[in-house]
Amino acid sequence: MNNLSKNYINGEWVSWSGPTLDVHEAGTGDVIAKVPASGRDEMEQAIAAADAAFADWSESSLDQRIKVLEQLHAGLKERAGEIAETVCREVGMPIKLATGIQAGLPATITKTYLRMLPDFPFSEQCGNSEVQYAPVGVVGCITPWNYPLHQVILKIVPAIAAGCTVVLKPAEIAPQSAYILAEILDGTDLPKGVFNLVSGEGQTVGDTLIKHPAVRMVSFTGSTRTGGLIAHAAADDFKRIALEMGGKSASVILPDANLAAAVKGTVNNCLLNSGQTCTALTRMLVPADLHDEACELAAAAVARMTPGNPLEETTRLGPLASAQQRDKVIDYIKLGIEEGHTLVAGGPEAPEGCDKGYFVKATVFGNVKPGSRLEQEEIFGPVLCVIPYQDEADAIRIANGTQYGLSGAVWSADADRAKKVAGKLRTGQVFVNGGDFNPLAPFGGFGHSGIGREFGKWGLEEFLEVRSLQL
Ligand code: ADP
């Protein structure tokens with residue numbers, strides 16, 4: 001990466017000599033890169049470039065779009081090792097997982113759109129009308145640090161495929177993979193101005209992006225707080241929004257489930273990326289008479305997840321992405337103790353042998369009370385709440401008892417019963433008995449978890465306006 005000190009605007013790497021943002025290595029705390037803390041002017045230039053490029057790109061042929069996405073896919077494959085190591089260092093996800101997820105998933109998602117595009121109906125007949133699907137316009141993409149390239153790809157690939165032009169503002173904490181992406185796109189046949197990258201802070205360049213009248217849609221992934229600011233700004237100008245925000249997802253273990261398998265599946269999901277995952281199953285609901293056994297199984301599972309250097313192939317639990325995030329998670333662990341929940345494993349002290357870097361112990365609380373702050377608030381760290389319930393109705397009530405609704409799980413020996421309970425969860429996706437992740441299925445939230453859907457055809461439709469011609 002030779003361009004970290006620049007922004008990518010109108011097909012050019014534009015130098016920046018103003019203030020910069022430090023990027024830290026999660027496992028050591030060392031500064032490993034510096035990127036521009038750009039000003040509002042740079043963002044305005046990027047928006048102007050995207051606006052100017054829209055007329056031509058919105059009329060580009062499907063073949064032209066497919067060719068660019070094929071070139072992008074090849075570039076993502078070619079630079080996969082570099083992407084995995086970059087994100088592993090920034091975010092702390094162990095290298096083995098980062099290779100499969102942080103580097104692998106962006107290529108997979110791009111491929112799903114390449115497969116879908118040739119048959120996607122950009123127009124259809126409805127009686128005497130032809131219904132056309134037209135690109136929405138200039139799209140502002142604002143992304144977080146936990147899956148930094150994946151979240152960018154989920155936005156820019158369908159946006160470009162739809163015929164939109166894009167301005168990306170990546171997360172301050174993990175911006176480098178977005179630079180790799182920009183370098184790859186720079187080497188493709190994408191016309192100048194269709195994709196632009198401006199690095200900087202949310203309150204400055206992000207704020208300009210979400211309020212600019214030329215931007216007709218904002219696609220955002222991040223905190224519910226920032227999503228709220230974006231929704232307010234969009235209301236003033238009737239912009240489209242797609243928001244993917246927080247979660248406090250429930251894993252409902254029914255009495256007849258294979259308890260060991262269900263606890264193992266829940267703990268693995270909860271601790272993925274050290275809990276820095278919006279879909280993490282952070283609340284494990286168990287029948288009251290199985291609570292203690294479930295806690296023992298969870299404690300045994302987290303004991304195997306000792307934190308370590310994320311660059312080591314054998315590490316299963318890495319550090320958190322920043323000092324701020326580590327401190328926030330430790331404060332939640334202290335809160336859990338103050339609120340009187342049972343500390344079953346882990347705790348607020350730094351894990352042994354991890355005095356550098358942003359490490360937190362994998363922690364399990366038992367007898368967690370529904371309605372408490374620990375049970376209600378998104379922690380974004382390796383902290384599991386075990387919650388006893390009385391009967392199925394009680395479990396569903398607790399599962400649906402937060403402001404969020406992003407993910408969930410149900411476990412039962414009876415597949416029909418599991419599906420029936422899954423259908424009562426007010427959430428955008430439910431894993432039934434450990435069902436596989438599906439990159440073609442829609443992803444998004446109910447309630448404060450979001451508006452709109454990503455992945456598959458639903459992700460593409462977000463970037464399309466509908467026009468009907470009466471013939
Ligand atoms: P997180 O807690 O995951 O960092 P944030 O919502 O703070 O979540 O950040 C997600 C993205 O939103 C980042 O790229 C950040 O810079 C951006 N952001 C933060 N505040 C604003 C804002 N006021 N306007 C626009 N973007 C913002």
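Computed from a predicted structure; not experimentally measured.

When its secondary structure is counted, the protein shows 15 helices and 20 strands. Taken over C-alpha atoms, the radius of gyration comes to 22 Å for the protein, in line with the 23 Å a tight globule of 471 residues would show. Reported as C-alpha extents along the three principal axes, the dimensions of the protein are approximately 65 × 60 × 40 Å. Expressed as a percentage of contacts within the protein between residues at least 6 apart in sequence, the contacts between residues at least 24 apart total 73%. With an accessible surface of roughly 18600 Å², the protein has 50% of that area assigned to carbon and sulfur atoms. Taking the 40 positively charged and 55 negatively charged side chains of the protein as two groups, their mean positions are separated by 2 Å.

Attention now goes to the packing of aromatic side chains. Under the defined criterion, the tally for this structure stands at 7 aromatic pairs. Between F120 and F122, the ring centres sit 4.9 Å apart and the planes meet at 65°, which makes this aromatic pair edge-to-face. Taken together, the aromatic side chains of Y8, W13, Y179 and F195 make up a single cluster linked through ring pairs. When the ring centre of W458 is taken as origin, the NZ or CZ atom of K457, which lies over that ring, is 4.6 Å away.

Glancing now at the site of the ligand. The ligand sits among 17 residues. The nearest are T143, K169, E172, S223 and T226. In this structure, K169 approaches the ligand through a side-chain N or O atom, which is 2.9 Å from an oxygen atom. Separating an oxygen atom of the ligand from a side-chain N or O atom of E172 is a distance of 2.8 Å. In isolation the ligand exposes 550 Å². Once the protein is present, 81% of that is buried. Ranked by residues supplied to the shell around the ligand, first place goes to helix 7 (residues 202-211) with 4 residues.

As enumerated under the stated definition, the model contains 0 disulfides in all. Free of any disulfide, C278 has its nearest neighbouring cysteine sulfur in C270, separated by 13 Å. Residue C278 is classed as buried on the basis of its relative accessible area of 10%. No disulfide involves C295; its sulfur sits 11 Å from that of C385, the nearest cysteine.

We now examine the sheet that holds strand 20 (residues 464-470). One open sheet accounts for 3 strands, arranged 5-6-20; its pairing is antiparallel. The strands lining the two open edges of the sheet, one partner per strand, are strand 5 (123-126) and strand 20. On average, each strand axis in the sheet is tilted by 25° relative to the strand beside it, whichever way the strands run. Relative to strand 6 (residues 129-135), strand 5 is paired through 4 bridges, and the arrangement is antiparallel. Within strand 6, the position partnered with C126 by the bridge is S129.

Quick look at helix 5 (residues 148-162) now. Its 15 residues give helix 5 an end-to-end C-alpha distance of 22 Å, which sits within 8% of 21 Å, the value for a rise of 1.5 Å per residue. When you tally the buried positions in helix 5, you get 15 out of 15 residues, the bulk of the element. Once helix 5 finishes, G163 follows within two positions and takes phi at roughly 100°, a positive value.

Turning our attention to the packing of helix 2 (residues 62-78) against helix 5. A pair of packed helices can be characterised by two numbers: the angle between their axes and the separation between those axes. Look at helix 2 against helix 5: their axes get within 9 Å of each other, and the N-to-C directions meet at 160°. By the angle class used here, helix 2 and helix 5 are roughly antiparallel. Pair helix 2 / helix 5 crosses with right-handed handedness. In this structure, helix 2 uses R65, L69, L72 and L76 to contact helix 5, whose residues at the interface are L149, I153, V157, I160, A161 and A162.

The rules behind the values
- Residues numbered from 1 in each chain as written.
- Predicted model: local features only at pLDDT ≥ 70, side-chain atom pairs only at ≥ 80, totals over all residues.
- Heavy atoms only, no water.
- Helix = DSSP H or I, 4+ residues; strand = E, 2+ residues; numbered from the N terminus.
- Rg over C-alpha atoms; globule rule 2.2 N^0.38 Å.
- Contact = heavy atoms within 4.5 Å.
- Areas by Shrake-Rupley, 256 points an atom, 1.4 Å probe, with all protein chains shown as cover.
- Lys, Arg positive; Asp, Glu negative; His and termini not counted.
- Charge placed at Lys NZ, Arg CZ, Asp CG, Glu CD.
- Phe/Tyr/Trp six-rings, centres within 6.5 Å; stacked < 30°, edge-to-face > 60°.
- Lys NZ or Arg CZ within 6 Å of the ring centre and 35° of its normal.
- Near = heavy atom within 4 Å.
- Polar contact = N/O pair within 3.5 Å; in protein donor to acceptor, adjacent residues only side chain to side chain.
- Disulfide = S-S within 2.5 Å.
- Buried < 20%, exposed > 50% of the residue type's maximum accessible area, 1.4 Å probe, protein only.
- Pairing = 2+ DSSP bridges.
- Axes fitted to C-alpha atoms, helices over the stretch in contact; angles between N-to-C directions.
- Expected span 1.5 Å × (residues − 1).
- Parallel < 35°, antiparallel > 145°, perpendicular 65-115°, else oblique.
- Left-handed = near helix turned anticlockwise from the far one by under 90°.

So far we have only geometry, and geometry alone does not tell us how the molecule works.
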